[in-house]
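What the coordinates show
Read off the chains here:
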Amino acid sequence: MPNDAVTASPSAAPLPRHVAGLAVLVLLAFLAPGCEKDDERAYSPTYGPEPAQEIGRYVFGVHPLHNPKKLHEVYGPLIEYLNSRLKTANIELTLEASRSYESFDEKLYSGHFHFALPNPYQTIRSVEHGYVIFGKMGNDEDFRGIILLRKDSPIKDVSDLRGKTISYPAPTALAATMMPQMFLMEHGVDVRSEVDNLYAGSQESSIMSVYVKQSAAGATWPPPWRNFQKDRPDIARDLYVKWQTDPLPSNGLVVRGDIPGPVRDRVAAILFSLQESPDGRAILERLPLSSFVPADNATYAPVHEFLARFKASVRNPEE
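Residues numbered from 1 in each chain as written. Predicted model: local features only at pLDDT ≥ 70, side-chain atom pairs only at ≥ 80, totals over all residues. Heavy atoms only, no water.

Quick look at the overall build of the chain
- Looking only at helices and strands, one finds eleven helices and eleven strands in the chain.
- Counting every position in the chain, which comprises 319 residues, the buried fraction comes to 46%.
- For the chain, the share of sequence-separated contacts (at least 6 apart) that also reach a separation of at least 24 residues comes to 78%.
- Accessible area for the chain stands at about 17000 Å²; split by element, carbon and sulfur atoms hold 54% of it. (Helix = DSSP H or I, 4+ residues; strand = E, 2+ residues; numbered from the N terminus. Buried < 20%, exposed > 50% of the residue type's maximum accessible area, 1.4 Å probe, protein only. Contact = heavy atoms within 4.5 Å. Areas by Shrake-Rupley, 256 points an atom, 1.4 Å probe, with all protein chains shown as cover.)

Here is the structure:
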């Protein structure tokens, strides 16, 4: 064989078409399980946190039992107690004080408050403005007017008040103004013409007016007087309670008519059970109060009767 001759290596014969196709299928079958697992890992779903439920925020208004600073000191712990137990239901209350009865009335009758603790006169009027009565303060024997004098006052009889100045918190304060004015009328002193009525703006101001001799007598009601004695003993020791009126049903608890029933019921349940726990009793002691109790429109029938007599013999409180 010549030297320059090239010897060709034998070439592999091509596979038959049906055999090649079978080989591809076998290869795909072998690889498929691995690809499926990769795809599963790539598209495995992930789960984020559940969206937070929106908190329902409600304004709780208390009528001017005290000046705003004192009211927050007395009622702030009650609202904190309620919120601590309403948290799981995503309900939060905010305490709102008012500087005067006029300011509170305006907020209440315009529907600004979701929940409120008004005096009995404001309670029955609030129903006309879309509120529902669901409870009240207990201790009705405490809801009465008292009339204070200085211990050095020469006044002995109700008739001695003729021609004198008498201080009150506000014209619409039921226990501390209207009930004492009715008392004076029923004891022969015409408050429309025989005395000078001074509306001092708050319970504390009515009491202080007597102390500084701006008024000969001052009207308030027992809880503010007890708080004043505790907070200002140096001044309170120069004053004393000369007269007191008969009682009426105490301050009400009202809720705006559009507030969901479950929200109202949760708040009510906590308020009505305060006296059942040491923490709750401590809260009540600050007010001071023995309990909150259920109430409705019928509870305040005696207030309606009193107001009818007051309007007929003294004045129209709505004017």
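Text resumes after the structure shown.
Quick notes on the packing of aromatic side chains
- One pass over the structure, following the stated rule, counts nine aromatic pairs.
- Seen from the ring of Tyr81, Arg85 lies directly overhead, with NZ or CZ sitting 3.7 Å from the centre. (Phe/Tyr/Trp six-rings, centres within 6.5 Å; stacked < 30°, edge-to-face > 60°. Lys NZ or Arg CZ within 6 Å of the ring centre and 35° of its normal.)

As for the environment of Pro180
- Considering the arrangement of structural elements, one finds Pro180 in helix α5 (residues 174–186).
- Exposure remark for Pro180: the relative accessible area of 0% places this residue in the buried category.
- Placed 38 residues apart in sequence, Pro180 and Gly218 show a C-alpha to C-alpha distance of 9.6 Å.
- When residues no more than four places from it in sequence are discounted, the contact partners of Pro180 are Gly145, Ile147, Leu174, Ala175, Ala219 and Thr245.

Section: the pattern of salt bridges
- Applying the stated criterion across every chain, the model contains twelve salt bridges.
- Between Arg162 and Glu194 there is a salt bridge, with the nearest N and O atoms lying 3.3 Å from each other. Separated by 32 residues along the polypeptide, Arg162 in the loop between β5 (146–150) and β6 (165–168) and Glu194 in the loop between α5 and β7 (196–199) bring together distant segments of the chain.
- Exposure remark for Glu194: the relative accessible area of 29% places this residue in the partly exposed category. (Salt bridge = Lys/Arg side-chain N within 4 Å of Asp/Glu carboxyl O.)

A closer look at the confidence of the model for the chain
- In the predicted model, the chain carries a mean pLDDT of 88, and 83% of its residues have values of at least 70.
- This stretch, residues 1–13, has a pLDDT under 50; its non-local contacts, to residues over four places away or in other chains, come to one contact. (pLDDT = per-residue confidence, 0-100.)

Description of the side chain of Lys136
- Structurally, Lys136 is set in strand β4 (residues 131–137).
- At 2.6 Å, the side chain of Lys136 and the side chain of Asp140 are in polar contact.
- What Lys136 contacts, discounting residues up to four positions off in sequence, is Pro249, Ser250, Asn251, Gly252, Leu253, Phe292, Val293, Ala295, Thr299 and Tyr300. (Polar contact = N/O pair within 3.5 Å; in protein donor to acceptor, adjacent residues only side chain to side chain.)

Concerning empty space enclosed by the protein
- Per the stated rule, a full pass over the model turns up two cavities of 30 Å³ or more.
- Its volume calculated, the largest cavity comes out at about 110 Å³.
- Lining the largest cavity are 14 residues, with Met137, Trp221, Pro223, Leu287 and Pro288 positioned closest to its centre.
- A breakdown of the residues in the lining of the largest cavity according to their chemical character gives nine nonpolar, four polar and one charged.
- There is about 40 Å³ of room inside the second largest cavity.
- In terms of lining, the second largest cavity is formed by His63, Tyr101, Asn119, Phe143, Ala173, Leu174, Ala175, Ala176, Gln203, Trp221 and Asn251.
- Ranked by the residues each element gives to the lining of the second largest cavity, the list is headed by α5, at three residues.
- Class assignment for the residues of the lining of the second largest cavity results in seven nonpolar, four polar and no charged. (1 Å grid on protein atoms, 1.4 Å probe; cavity = no way out; pocket = protein on both sides within 12 Å on 5 of 7 lines; lining within 4 Å. Points joined across faces, edges and corners; volume = space filled by probe spheres on them. Nonpolar A, V, L, I, M, F, W, Y, C, P; charged D, E, K, R; others polar.)

Let's talk about the side chain of Thr177
- Residue position: Thr177 is located in helix α5.
- The exposure class assigned to Thr177 is buried, which follows from its relative accessible area of 0%.
- Leaving out residues up to four positions away in the same chain, Thr177 has contacts with Tyr168, Pro169, Ala170, Pro171, Tyr199 and Arg315.

Let's talk about the sheet that holds strand β2 (residues 91–96)
- Pairing within the open sheet is mixed, and its six strands lie in the order β2-β1-β3-β10-β4-β11. Each edge of the sheet is formed by a strand with only one pairing partner; in this case those strands are β2 and β11 (292–294). Here the average twist between neighbouring strands, direction ignored, is 30°.
- When β4 meets β11, the two strands line up antiparallel, connected through three bridges. Bridge pairing in β11 links Lys136 to Val293.
- Against the sheet, helix α2 (residues 68–86) engages β1 (56–62), β2, β3 (115–117), β4 and β11, with an angle of about 175° to β2. (Pairing = 2+ DSSP bridges. Axes fitted to C-alpha atoms, helices over the stretch in contact; angles between N-to-C directions.)

Focus on helix α3 (residues 101–109)
- Within α3 the residues assigned to the buried category are Tyr101, Phe104, Asp105, Lys107, Leu108 and Tyr109.
- Immediately beyond the C-terminal end of α3, within one or two residues, lies Gly111, with a positive phi of roughly 80°.

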